[in-house]
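So you can see what is in the structure, the chains are spelled out below.
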Amino acid sequence: MKRLRWLVAGTLIVVGTAFAQQAPSGGDKPVEETKKNIKVLKGMPTSQLIPVMAFMSNSLGVTCAHCHTEKWESDEKEEKDVARGMINMVKDINDRHFAGDDQAITCNTCHQGHVRPNGLPNLADAGWNKKPAAAAAAAPLPSIDDVLARYVTAVGGAKAIAGVKAIVETGTVMRENGRTDPASKPVRVALETGKVSVDTELSYPPEANQEISSWLGRLAHLDEAKPLLRVAGIAPVRGRDAYAVEVKAGQGRPDWLYFDVKDGLLLRRRHELRTPLGVLPAEYDYDDYRLVESLKVPFKMTWSRADYKVTHTFDDVKVQ
């Protein structure tokens, strides 16, 4: 089994457009030049192909196997030609009725997680069946300074953070995609502020490693980030209330950070990537925080997107 070793820049932290996925290089060729049997996505950069496929999968609530066989370019499944027709239909609607705005109508507008859109209205949604909701008094939100200060305290304090030179983590990484059985392999992560190496025999999308490289570096740059952050409200995250913090981006869509209302720890980062067909969400979850030396470290980190779920679970963490 080939051993994979990722070297990931750890500067994807909280400043400028740092939360965005890394921009493709200048060699990002049109997808028809790098892949076979491309018919309706010609001209699209190759780096956008997988996000576009994931967006369609998420919109229909299916895996890649709905349209594809193991030979990706094959037209064996008629669902692939149906998808091509749907792409052309949506483009025509947006061109005709929304001045070419390719995000006005998307796959998800109709499908909403179903292969066949439901065309029947639900009587439970009838206007006479809905009573106006009583307006509840909104609880005052804390300032971003308060949220960040609680986070720093929750993980061990500024002194503990400043004293960390490196973290070495060993455990297991699991890959799930709905098309094949879940697979897992041992993983070793060597983390420093500025860089990280991830060593494993398991293959999976490298985006899953982004937060492994970012969470420690983020702690060291919170003060720089404050002008880009605002507390927008309270949202549920894994059964807990969390302060939803918007991260303004220099371009593209903002990211979101979710801090536990009770203990102040970071529970999730949400990233939204604009693709030619619509906006694709991805989430990075932090769980099972434990005290190592004087620092609280997440022993479980999960990356979730429509096409993959990748979970890093550590059983040994050393803080240096």
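Residues numbered from 1 in each chain as written. Predicted model: local features only at pLDDT ≥ 70, side-chain atom pairs only at ≥ 80, totals over all residues. Heavy atoms only, no water.

*Asks:* Could you give an account of the pattern of salt bridges, naming the residues involved and the relevant values?
*Replies:* Between side chains of opposite charge, pairing is possible as soon as their charged atoms come close. Under the criterion given, the structure shown has 26 salt bridges. Between Lys-226 and Asp-223 there is a salt bridge, with its nearest N and O atoms 3.6 Å apart. Judged by its relative accessible area of 26%, Lys-226 is partly exposed. Assessed through its relative accessible area of 64%, Asp-223 is described here as exposed. If you follow the salt bridges from partner to partner, you end up with Arg-238, Arg-240, Arg-253, Asp-260, Arg-268, Arg-270, Glu-272, Glu-283, Asp-285 and Asp-287 in one network. (Salt bridge = Lys/Arg side-chain N within 4 Å of Asp/Glu carboxyl O. Buried < 20%, exposed > 50% of the residue type's maximum accessible area, 1.4 Å probe, protein only.)

*Asks:* How would you summarise the environment of Leu-219 if you had to cite specific residues and measurements?
*Replies:* Mapped onto the elements, Leu-219 comes out in helix α7 (residues 210-219). Once the C-alpha coordinates of Leu-219 and Val-155 are considered, the two residues, 64 residues apart in sequence, prove to be 9.3 Å apart. In this view, Leu-219 contacts Tyr-151, Val-155 and Ile-161; residues no more than four positions away in its chain are not counted. (Helix = DSSP H or I, 4+ residues; strand = E, 2+ residues; numbered from the N terminus. Contact = heavy atoms within 4.5 Å.)

*Asks:* So what's going on with the nonpolar core? Which residues, and what values?
*Replies:* Counting residues in each nonpolar core, the largest one holds 50 residues, and the members touching the most others are Ile-167, Val-189, Trp-215, Val-245, Phe-259, Leu-295 and Val-297. Leaving out residues up to four positions away in the same chain, Val-189 has contacts with Ile-167, Val-168, Glu-169, Val-196, Ser-197, Val-198, Ile-212 and Phe-314. Core analysis: the second largest hydrophobic core is formed by 14 residues, Val-31, Ile-38, Leu-49 and Cys-107 among them. (Core = buried A, V, L, I, M, F, W, Y, C linked by side-chain atoms within 4.5 Å.)

*Asks:* Kindly report on a nonpolar patch on the surface, identifying the contributing residues and their values.
*Replies:* Taken together, the side chains of Val-82, Met-86 and Met-89 define a hydrophobic patch exposed on the protein surface, amounting to about 250 Å² of accessible area. Examined against the element boundaries, Met-86 turns out to sit in helix α3 (residues 78-97). With a relative accessible area of 36%, Met-86 lands in the partly exposed category. (Patch = residues over 30% accessible without salt bridge, like charges linked within 9 Å, V, L, I, M, F, W, Y side chains within 5 Å. Areas by Shrake-Rupley, 256 points an atom, 1.4 Å probe, with all protein chains shown as cover.)

*Asks:* Help me get a handle on the environment of Lys-318, residues and values and all.
*Replies:* Relative to the helices and strands, Lys-318 is located in strand β11 (residues 309-319). Taking relative accessible area as the criterion, Lys-318 reaches 45% and is therefore assigned partly exposed. Linking Lys-318 and Pro-140, residues 178 residues apart in sequence, is a C-alpha distance of 39 Å. In contact with Lys-318, other than residues within four places in its own chain, are Ala-166, Ile-167 and Val-168. Side-chain polar atoms of Lys-318 contact the side chain of Asp-316, separated by 2.7 Å. (Polar contact = N/O pair within 3.5 Å; in protein donor to acceptor, adjacent residues only side chain to side chain.)

*Asks:* Provide a residue-level description of the side chain of Ser-74, including the pertinent values.
*Replies:* Looking at where Ser-74 falls in the secondary structure, it is placed in the loop between α2 (49-60) and α3. The exposure class assigned to Ser-74 is buried, which follows from its relative accessible area of 17%. If we ignore the near neighbours within four places in the chain, the residues touching Ser-74 are Thr-69 and Lys-80.

*Asks:* Would you mind going over the state of the cysteines in detail, with residue names and values included?
*Replies:* Tallying each qualifying case throughout the model produces 0 disulfides. Take Cys-64: it sits in no disulfide, and the sulfur closest to it among the cysteines is that of Cys-67, at 8.9 Å. By relative accessible area, which is 18% here, Cys-67 ends up buried. (Disulfide = S-S within 2.5 Å.)

*Asks:* Please give an account of α7 that cites residues and values.
*Replies:* Counting buried residues along α7, 10 of its 10 residues qualify, which places the element largely inside the surrounding structure. Among all positions in α7, only Gln-210, Glu-211, Ile-212, Ser-213, Ser-214, Trp-215, Leu-216, Gly-217, Arg-218 and Leu-219 are buried.

*Asks:* Describe the pairing of strand β9 (residues 279-292), listing the residues and the values that go with them.
*Replies:* Summarising the sheet, strand β8 (residues 266-274) and β9 pair through 7 bridges and their orientation is antiparallel. When the bridges of β9 are listed, Arg-270 appears paired with Glu-283. In textbook terms, the turn of a hairpin is the stretch between consecutive antiparallel strands, and for β8 and β9 this stretch comprises 4 residues. Summarising the sheet, β9 and strand β10 (residues 295-304) pair through 9 bridges and their orientation is antiparallel. Note on β10: the bridge partner recorded for Tyr-284 is Trp-303. (Pairing = 2+ DSSP bridges.)

*Asks:* Mind laying out the pairing of β8, listing which residues take part and the relevant values?
*Replies:* Both strand β7 (residues 255-260) and β8 contribute to a ladder of 4 bridges, which runs antiparallel. Considered in β8, the bridge of Tyr-258 is made with Arg-268. The turn joining β7 and β8, which pair antiparallel and follow one another in sequence, is formed by 5 residues; a positive phi near 85° is taken by Gly-264.

*Asks:* Describe the confidence of the model for the protein, listing the residues and the values that go with them.
*Replies:* Residues with a pLDDT of 70 or more make up 90% of the protein, whose mean pLDDT is 87. Note that residues 9-23 has pLDDT below 50 and, in this model, 44 contacts with residues that lie over four places away or in other chains. (pLDDT = per-residue confidence, 0-100.)

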